[in-house]
Amino acid sequence: CHVVAVCDQNPAATGIREAPVIDVRQLCDLDPDFYDLVLIDLERKDIATAIRADLEPSGIPPQKIKFFYPHRR
């Protein structure tokens, strides 16, 4: 796995240094051929579902959006 970027609504606050941190607009501007998938990794499924609903109309191919819920209940 090669992480191309990490996306966050507030990129400056993540503290991540291992990969570029971009905002949602930058993610939506990327050519879908540039990445294999967009992984949504959140504890709350309702927020992840809302993020997916926002990404699909922005040009992110739905088949490239994957969910990971580490704390399923």
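Our structure is the block above this text.
Heads up: these notes are all about the structure in this document. Values in this document were obtained by computation on a predicted structure and should not be read as measured data.

1. A word on the nonpolar core
Note on soluble globular proteins: their nonpolar side chains tend to be buried together. Within the largest apolar cluster, 10 residues are counted, these being I22, L27, C28, Y35, V38, I40, A48, L55, I60 and I65. Among the secondary structure elements, those contributing two or more residues to this core are helix 1 (24-29), strand 3 (38-41) and helix 2 (45-55).

2. As for the environment of V3
Within the element layout of this structure, V3 appears in the segment before strand 1 (6-7). The exposure class assigned to V3 is partly exposed, which follows from its relative accessible area of 45%. As for V3 and D23, which are separated by 20 residues in sequence, their C-alpha atoms are 15 Å apart.

3. Some thoughts on the side chain of D23
Examined against the element boundaries, D23 turns out to sit in the loop between strand 2 (21-22) and helix 1. Not counting residues up to four positions away in its chain, the partners in contact with D23 are C7, D8 and P11.

4. So, the environment of A5
Along the polypeptide, A5 turns up in the segment before strand 1. C-alpha separation for the pair A5 and A19, spaced 14 residues apart in sequence, amounts to 5.5 Å. In contact with A5, other than residues within four places in its own chain, are P20 and I22.

So, how was this worked out
Residues numbered from 1 in each chain as written. Predicted model: local features only at pLDDT ≥ 70, side-chain atom pairs only at ≥ 80, totals over all residues. Heavy atoms only, no water. Core = buried A, V, L, I, M, F, W, Y, C linked by side-chain atoms within 4.5 Å. Buried < 20%, exposed > 50% of the residue type's maximum accessible area, 1.4 Å probe, protein only. Helix = DSSP H or I, 4+ residues; strand = E, 2+ residues; numbered from the N terminus. Contact = heavy atoms within 4.5 Å.

Fair warning: the whole summary comes from geometry, so function is off the table for now.
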